Amino acid sequence: MDEVKAACQATSEIAVSDGYLRIAAATPKIRVGDVAGNAAAILECVDAAVRAGARVLALPELCLTGYTCGDLFHDRALLRAAESALSGLLEDTSDTPLLFTVGLPVAHRENVYNCVAACCAGRLLGLTVKRHLPNYGEFYEQRWFAPAPVNGSGFIPFAGQDSVPLMGGIVYTCSDPGLEDVRIGVEVCEDLWVPNPPSVDMALSGGATVILNASASSEILGKSAYRRSLVSGQSARLYCAYAYANAGEGESTTDLVFSGENLIAENGSIVASTSLFSREMAVADVDLEKLMAERRRSNTWRAGEWCMNHLQIIDFSFTETSGGVSAACESITEASDQPTVLPAEDTELLLNSALDVLRPAPRTPFVPTDPARRAACCEEILDLQAAGLKTRLAHTGTHSAVIGLSGGLDSTLALLVTVRAFDMLGLPRTGVHAVSMPGFGTTGRTKSNAERLAEQLGVDFRTIAIGEAVRAHFTDIGHDPSVTDVTYENAQARERTQVLMDLSNELGGFVIGTGDLSELALGWATYNADHMSMYGVNAGVPKTLVRHLVSHAADSLGGETAAILRDILDTPVSPELLPPTGDGEIAQCTEELVGPYELHDFFLFHMMRYGFAPGKIYRMACRTFAELGSDGAPAYEPATILYWLRTFYRRFFAQQFKRSCLPDGPKVGSVSVSPRGDWRMPSDASAALWLEEVDSLSA
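Residues numbered from 1 in each chain as written. Predicted model: local features only at pLDDT ≥ 70, side-chain atom pairs only at ≥ 80, totals over all residues. Heavy atoms only, no water.

Digging into the domain arrangement of the protein chain
By the assigned domains, the protein chain splits into domain 1 (18-316) and domain 2 (371-696). Centre-to-centre, using C-alpha coordinates, domain 1 lies 50 Å away from domain 2. With eight residues of domain 1 in contact, the opposing surface of domain 2 contributes seven residues. When the buried surface of domain 1 facing domain 2 is broken down by residue, Asp 18, Lys 290 and Arg 297 rank first, second and third, together holding 53% of it. The tally of links between domain 1 and domain 2 comes to four salt bridges. Considering every element that reaches the side of domain 1 that touches domain 2, the biggest residue donor is helix α6 (residues 288-297), with five residues. Split by residue class, the side of domain 1 that touches domain 2 holds two nonpolar, no polar and six charged. (Domains from an automatic or database assignment. Contact = heavy atoms within 4.5 Å. Buried area = accessible area lost by both parts, 1.4 Å probe. Salt bridge = Lys/Arg side-chain N within 4 Å of Asp/Glu carboxyl O. Helix = DSSP H or I, 4+ residues; strand = E, 2+ residues; numbered from the N terminus. Nonpolar A, V, L, I, M, F, W, Y, C, P; charged D, E, K, R; others polar.)

As structure tokens, then:
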């Protein structure tokens, strides 16, 4: 990774932050009632989190005293010891740019509250009171604690500070420049398990992007799976990061066992977790920019009248400390007794660059990495594509479909989908007419595969050569056929589309489009040629996914059909519009001309799905494709990534006019370029802003 960073430095100005916040959840080893010993164990967790580069740490419920103290929670000695120990923790962490939580009982007037203290750089930011106290099964919390008052209890002096908020809903917002998206809410164990968790209000009304849950959830058979579903589900509903820290070793086992399972979720996915009874710390980089992008694109993400709005917003700073800034912030080398503030340009050091994240983005974001899940997704996508075509055929009363079958990946997938749609409708496969239209670049391999595949699938196959018609066209327009330019190529593509359209009229049929999502994004289609059809079944499928769909079909169908499909998978991607090489091989390789689809699909996903800027996408790609191959080099060098990134933006903007008039086609994933659905963009939008940023990366 260091070599990749160095290479990136040679081609770019690396931004200090890409919006990644490193958070952790840990379980200290405690003893029930041993407040001083527990404080020391908490401090060990804080130190471990700082060493791991975390900026936020969640610790369990009542971890300063132990959750299982029982009637000792009413003992004044325990309550005083907890407050004193918290004061000591604040003093010991006064130069630490980390927000961490500590669970403890807090006595105020006639009540004792189950609280979570939020601490940062020596300051007690607030005391979040547990709202929902379980008093069923093994839980008896209402015996000792009072629930959080609906309107809060205001501010109290506590742990050496004059005015600390004590209430059920607090959101801590970072005031450091560049860290405005760091907004942290806290809820306590059972608060997550109720129908309307406090975190809903914290996220909707308070804008919290990170929720910390201090928990003491006992372990019984099957509870872990349910707990994980709650955490992941809440992070999905709230478009947030959710860190869950559970009590573990040291709690009383008189009647219960606590496993210390720690979880971190981001927008529905568990991104870090620990094994039961392991006392490990879960650490993950969560992408605040991605979470905010999800909220902004969802018009249902609005604070409604049903929000409680009983929230207190508390500002905090990682950098304004009472004892200086720790060595974790490299720009400050000396601590002092006076408050210290990092320069504004350095505060983003508290967030991570995409080059420094613990979990790189998936190399193929459109394709699941788990084989079983990938197979299930492929089957579902094929059904989605076929269902769309089935409905269109039934609506038009059409029993005939015409498809140009080249022997390449896209037309192969389109044929597989069309056959599936005909099977769904109970129509004979002979109503599917696969047409081979050899031109000046067609090779024997692709033509043979097309014919053999049609035969295996039981569809009608016919060959209509286009060479003579195209030559006549060249004569008509005065084009020299020895000049193999764009006219030479596109004349063939348009002749093929004319053949398919006219043949569909002859057969009373429907022309099936074959172009995929990646080609549409890059404009790698001839306008009013393969660009046009009566229904584009592949319009929502990117090229990297096309491969897996065809591979899945090969695995499912088996036999001779599978052998043909695998040979198609091994064939270079090409439009075959230029004459073959002397030995009859394909002379025109698409990825040599337009760039690797693996990179373009990566760029496309993160640009369209989350609105990431070119610089962040570049650094993400450098980190993701840094895996060394057998030759000891990354899959793609940073300079190569940068070159194709510029190509991507240039083509994406310049080719929007082709997407503005696309035929109908089904959306199958979270990204679509349909002008009627997901992507509305003027055809004459300027790319200057994006290209300027790309060019600055190579300054």
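Describing the packing of helix α18 (residues 638-654) against helix α20 (residues 688-697)
With their axes 10 Å apart at the nearest point, α18 and α20 run at an angle of 170° to one another. Comparing their axes, α20 and α18 come out roughly antiparallel. Along its contact with α18, which presents Leu 642, Leu 645, Arg 646, Tyr 649, Arg 650 and Phe 653, the element α20 presents Trp 690, Leu 691, Val 694, Asp 695 and Leu 697. Split by residue class, the contact of α18 with α20 holds eight nonpolar, no polar and three charged. (Axes fitted to C-alpha atoms, helices over the stretch in contact; angles between N-to-C directions. Parallel < 35°, antiparallel > 145°, perpendicular 65-115°, else oblique.)

Examining the sheet that holds strand β15 (residues 312-316)
The strand order across the open sheet formed by seven strands is β13-β12-β11-β10-β9-β8-β15, and the pairing between neighbours is mixed. Each having just a single partner strand, β13 (269-273) and β15 make up the two edges of the open sheet. Pairs of neighbouring strands in the sheet enclose a mean axial angle of 20°, with direction left out of account. As judged from the five bridges shared by strand β8 (residues 170-174) and β15, these two strands associate in the parallel manner. When the bridges of β15 are listed, Tyr 172 appears paired with Ile 314. (Pairing = 2+ DSSP bridges.)

Concerning unusual backbone geometry
Positioned with a positive phi, Leu 62 is a non-glycine residue whose angle comes to about 50°. You can call Leu 62 buried: its relative accessible area is 0%. Phi is positive for Phe 277, which is not a glycine, with a value near 65°. (Buried < 20%, exposed > 50% of the residue type's maximum accessible area, 1.4 Å probe, protein only.)

Observations concerning the UniProt feature "binding site: L-glutamine" (unreviewed entry) in the protein chain
In the numbering adopted here, UniProt assigns the feature "binding site: L-glutamine" (unreviewed entry) to Tyr 136, Ser 217 and Lys 223. By relative accessible area, which is 2% here, Ser 217 ends up buried. When sequence neighbours within four positions are dropped, the list of residues in contact with Ser 217 reads Cys 189, Trp 193, Lys 223, Arg 227, Tyr 244, Asn 246 and Phe 258. With near-sequence residues (within four places) excluded, Lys 223 lies in contact with Phe 139, Trp 193, Ser 217 and Ser 218. A polar side-chain atom of Lys 223 sits 3.3 Å from a polar atom in the side chain of Ser 217. (UniProt positions renumbered as here; feature names shortened; annotations may be inferred. Polar contact = N/O pair within 3.5 Å; in protein donor to acceptor, adjacent residues only side chain to side chain.)

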